[in-house]
Every structure is written in C-alpha cells, then in structure tokens.
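Residue-level structural notes
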Amino acid sequence: MQWDKLRKNAQFRLVYRRGKSLSNDKLVLYVLKNRKNIDQNGNAYNKVGFSVSKKVGKSVIRSRVKRLMLENFRLNADKIKEGYDFVFIARVAVKDKSFIEVQDSMINLFKRAGLLKDENSIN
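Bear in mind the structure is a predicted one, so any value in this text is a computation, not a measurement. (Residues numbered from 1 in each chain as written. Predicted model: local features only at pLDDT ≥ 70, side-chain atom pairs only at ≥ 80, totals over all residues. Heavy atoms only, no water.)

1. Description of the nonpolar core
The nonpolar side chains of soluble globular proteins are, as a tendency, buried together. This is how the line gets drawn: Within this scheme, the nonpolar core is defined by two criteria: the residues are buried Ala, Val, Leu, Ile, Met, Phe, Trp, Tyr or Cys, and they are joined through side-chain atoms within 4.5 Å. When a residue's accessible area, from a 1.4 Å probe over protein chains only, is under 20% of the maximum for its type it is buried; when over 50% it is exposed; and in between it is partly exposed. Numbering of helices and strands runs from the N terminus, with a helix taken as a DSSP run of H or I at least four residues long and a strand as a DSSP run of E at least two residues long. We call two residues in contact when some of their heavy atoms are within 4.5 Å.
Ranked by internal contacts, the top residues of the largest apolar core, which has 26 residues, are Leu-27, Met-69, Phe-73, Phe-86, Phe-88, Phe-110 and Leu-115. Those elements that provide at least two residues to this core are strand E3 (27-33), strand E4 (46-52), helix H2 (59-76), strand E5 (84-90) and helix H3 (99-113). The leading source of residues in this core is H3, at five residues. Beyond its immediate sequence surroundings of up to four residues, Leu-115 is in contact with Val-31, Lys-79, Ile-80, Lys-81, Tyr-84, Phe-86 and Phe-110. The next biggest cluster of nonpolar side chains, apart from the first, holds seven residues, and it includes Leu-6, Val-28, Leu-32 and Val-87.

Shown next as structure tokens:
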C-alpha cells in the first residue's frame, strides 16, 4: 500500500483542527478523512505525521520514539483503510517502551477508530 508523510505545519494544523482524536496511555492519534489523497491511477492513500515533544526526552530518545512509530506504521500500513491523514503524538510514557508495546498501542488506536480493514488480520 502506498502512503506518504505529512511534512508542512499547515497540514498538521488541519488534522488537529478538523480531525477526530483518540488516545491511550502511550499515544494520541488524530484522524482526518482526506479526499485529496488520490494518486494518478485513482487509488487512495494515507498520509502520516509524527510529533514528539521535548517533554518526552532528549533528541536521541525523541528520534528513537519517532523511528518506532514510523516502523510500526510502515509494517501495518496495508491493514489500514486508505484515504486518511494521521498524526501520532507521543506521550511521555512511550519513551522507555519496546517495539511491541508501541505496536500494540498503535493497533489499539486504529481498532478504536474503526480503520482496520480486517480486525482478525492483526494479532
């Protein structure tokens, strides 16, 4: 499945302002249905952005958290419905968590948002 990153501050603000938010103890997820996410072939795709505050830790820790979230999204991107913008915000509790704990947290948010294509395909 094709996906892209949110890069501009205006794109993040749009998702914050118009999107729906869900949260758990490790992450916050903002979701916005975006009808403009269509490629040349007419297929919908997702855009994702990650935000990690300085409260989470120093730059090494913040980068690690971003890498964990990005890799989890990349591995599970084909199981998520297309045509959405996502913004993940890391909470302080995520800084010492493992890959599996971050994955469980992200999947939990996608399930609660109703964005999984097939609920049985993931753990």
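Still to come is the rest of the account.
2. Notes on the pairing of E3
Operational definition: Two strands pair under a simple rule: DSSP has to find at least two bridges between them.
Of all seven residues that make up E3, six are buried, and the element is covered over most of its length. Sheet topology note: the strand E2 (residues 20-23)/E3 ladder contains four bridges and is antiparallel. By the bridge assignment, Leu-22 is partnered in E3 with Leu-29. From the end of E2 to the start of E3, which pair antiparallel, there are three residues.

3. Examining the environment of Val-92
With respect to the secondary-structure elements, Val-92 resides in the loop between E5 and H3. With relative accessibility at 42%, the residue Val-92 sits in the partly exposed group. The sequence separation of Val-92 and Leu-109 amounts to 17 residues, and the corresponding C-alpha distance is 17 Å. Those residues within four positions of Val-92 in sequence are excluded, and the remaining contacts are Lys-55 and Val-56.

4. So, the sheet that holds E5
To keep things clear, this is the line we draw: Every axis corresponds to a line fitted to the C-alpha atoms, with the helix fit spanning only the stretch in contact, and the corresponding angles, defined between N-to-C directions, vary from 0 to 180 degrees.
Pairing within the open sheet is mixed, and its five strands lie in the order E1-E4-E5-E3-E2. Strands at the two margins of the open sheet, each flanked by one partner only, are strand E1 (3-5) and E2. On average, each strand axis in the sheet is tilted by 20° relative to the strand beside it, whichever way the strands run. Lying over the sheet, H3 contacts E2, E3 and E5, oriented at roughly 40° with respect to E3.

5. Some details on the pattern of salt bridges
Just so we agree on the cut-off: Basic side-chain nitrogens of Lys or Arg form a salt bridge, by our definition, when they fall within 4 Å of a carboxyl oxygen of Asp or Glu.
Summed over the entire model, instances satisfying the criterion amount to four salt bridges. When the shortest N-O distance is used, the salt bridge between Arg-74 and Glu-71 registers 2.6 Å. Here Arg-74 pairs with Glu-71, and both are found in helix H2, just three residues apart, close to one helical turn. For Glu-71, a relative accessible area of 30% gives the class partly exposed.

6. Quick word on a positive patch on the surface
Filter applied, for reference: Like charges within 9 Å and nonpolar side chains (Val, Leu, Ile, Met, Phe, Trp, Tyr) within 5 Å are joined into patches, using only residues over 30% in relative accessible area that form no salt bridge. Under the convention used here, a 1.4 Å probe and the Shrake-Rupley method define accessible areas, while residue burial counts only the protein chains that appear. Charged residues are defined narrowly, with Lys and Arg counted positive, Asp and Glu counted negative, and His plus the chain ends left uncounted. Taken as the charge location is NZ of Lys, CZ of Arg, CG of Asp or CD of Glu.
A surface patch of like charges, here positive, comprises Arg-13, Arg-17, Arg-18 and Lys-36. If you trace the backbone, Lys-36 turns up in the loop between E3 and E4.

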